[in-house]
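Observations on the three-dimensional arrangement
Letter by letter, the chains look like this.
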Amino acid sequence: MGIFSRRQTDTVEPASGGGAGGSLARAGSGGVALDPALRALDGQWTIDRPHSRIGFSVRHAMVTTVRGAFADYDSALYFDGATPAASRAELVIRVGSVDTGVEQRDAHLVGTDFFDARRFPEMVFRSTATRHEGGESFRMTGDLTIRDVTRPVELQLDYLGSVLDPFGFERVGFDGTTTIDRTDWGLVYNQRLAAGGTMVSEKVRLQFDISAIRATAQAGPEAPAPGATG
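Summary of the structure given here.

Okay, the overall build of the chain next. Along the chain, the regular secondary structure elements total one helix and 11 strands. In the chain, which comprises 230 residues, the share counted as buried stands at 44%. Considering only intrachain contacts with a sequence separation of at least 6, the fraction spanning at least 24 residues in the chain is 62%. As displayed, the chain offers around 11100 Å² of accessible surface, 49% of which is attributable to carbon and sulfur atoms.

The next subject is the layout of surface pockets. Its volume calculated, the largest pocket comes out at about 530 Å³. Forming the boundary of the largest pocket are 24 residues, of which Val58, Arg105, Leu109, Phe114 and Val200 lie nearest the centre. Going through the elements one at a time, β2 (53-60), β3 (64-70), α1 (103-110) and β11 (200-214) are the ones with two or more residues in the lining of the largest pocket. The biggest single contributor to the lining of the largest pocket is α1, with four residues. Taken together, the residues that form the lining of the largest pocket break down as 17 nonpolar, five polar and two charged.

Here we take up the pairing of β3. Relative to β3, β2 runs antiparallel, the two being bridged by seven bridges. Looking at the pairing, Gly55 lines up with Ala69 of β3. Pairing of β3 with strand β6 (residues 98-99) involves two bridges; the strand directions are antiparallel. Residue Phe70 lies in a different strand from β6, and its bridge partner there is Val98.

What follows deals with the nonpolar core. For soluble globular proteins, the rule of thumb is that nonpolar side chains tend to be buried together. Counting 42 residues, the largest nonpolar core has Phe70, Leu77, Leu91 and Leu144 as its most contacted members. For this core, the element with the highest residue contribution is β11, accounting for six residues. Once residues within four sequence positions are removed from consideration, Leu144 is found in contact with Met123, Val124, Phe125, Val149, Thr150, Arg151, Val153, Ile180, Trp185 and Leu206.

Counting through the fold element by element, Gly55 comes out in strand β2. For Gly55, a relative accessible area of 4% gives the class buried. Sequence spacing of Gly55 and Thr177 is 122 residues, and the spatial spacing of their C-alpha atoms is 9.6 Å. Leaving out residues up to four positions away in the same chain, Gly55 has contacts with Gly68, Ala69, Arg205, Leu206 and Gln207.

Here we take up empty space enclosed by the protein. Under the definition given, this model contains one cavity of 30 Å³ or more. Within this model, the largest cavity holds a volume of roughly 120 Å³. Contributing to the lining of the largest cavity are 13 residues, with Ile93, Met123, Leu144, Leu206 and Phe208 lying nearest its centre. Elements that contribute at least two residues to the lining of the largest cavity include exactly β2, β5 (88-94), β7 (122-134), β9 (149-164) and β11.

Residue position: Thr65 is located in strand β3. Residues Thr65 and Ser201 lie 136 residues apart in sequence; the distance between their C-alpha atoms is 9.5 Å. Ignoring sequence-local partners within four residues, the contact set of Thr65 consists of Ser57, Val58 and Arg59.

Conventions adopted
Residues numbered from 1 in each chain as written. Predicted model: local features only at pLDDT ≥ 70, side-chain atom pairs only at ≥ 80, totals over all residues. Heavy atoms only, no water. Helix = DSSP H or I, 4+ residues; strand = E, 2+ residues; numbered from the N terminus. Buried < 20%, exposed > 50% of the residue type's maximum accessible area, 1.4 Å probe, protein only. Contact = heavy atoms within 4.5 Å. Areas by Shrake-Rupley, 256 points an atom, 1.4 Å probe, with all protein chains shown as cover. 1 Å grid on protein atoms, 1.4 Å probe; cavity = no way out; pocket = protein on both sides within 12 Å on 5 of 7 lines; lining within 4 Å. Points joined across faces, edges and corners; volume = space filled by probe spheres on them. Nonpolar A, V, L, I, M, F, W, Y, C, P; charged D, E, K, R; others polar. Pairing = 2+ DSSP bridges. Core = buried A, V, L, I, M, F, W, Y, C linked by side-chain atoms within 4.5 Å.

Here's what the structure looks like:
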């Protein structure tokens, strides 16, 4: 998902092997100038799953928050430095990989009351537009599909920086957030509380803590696969 602008690119000298170059962002919509460091980020990227989190949080029983994440997903990110609006992203999540830390709750989530993973095993986000909000902020709009229902969503994105890691992988980091009403996608299960309110909030906050690696990067001969090290 999303992509862009906060601080100057940092460099960590690699222990072995080389890195890859690249480029991302001259000016955003309306001619707003972007961080020059982003010009080095053009191209294809993919999310490094062991160092990223595709998560959510939802209010439970009106008084506390339950958090969870999806462990299994595929990603494709493309950054366009000359025309940020042409940047795009796709994320395909296997909903059966949901993990809230409670086995019984996870089983309920993948069942027919919620995701119905047997019939609808994947949740998909595909971007449709990206715009620079100014400074650190970007907005990415796209289509989110859950249980074969597709609706538009808008993500708030913040660029966290880029780095060449000790193993020759070029990385970029960013945070993305949005809040959705789960009932818009047919996830309507709930229980009413005696004192009023519901057991599970209809509002769900989606959170994307992303470390992405350049897809064309060539690490050194002794470099481990992405995510193999802490």
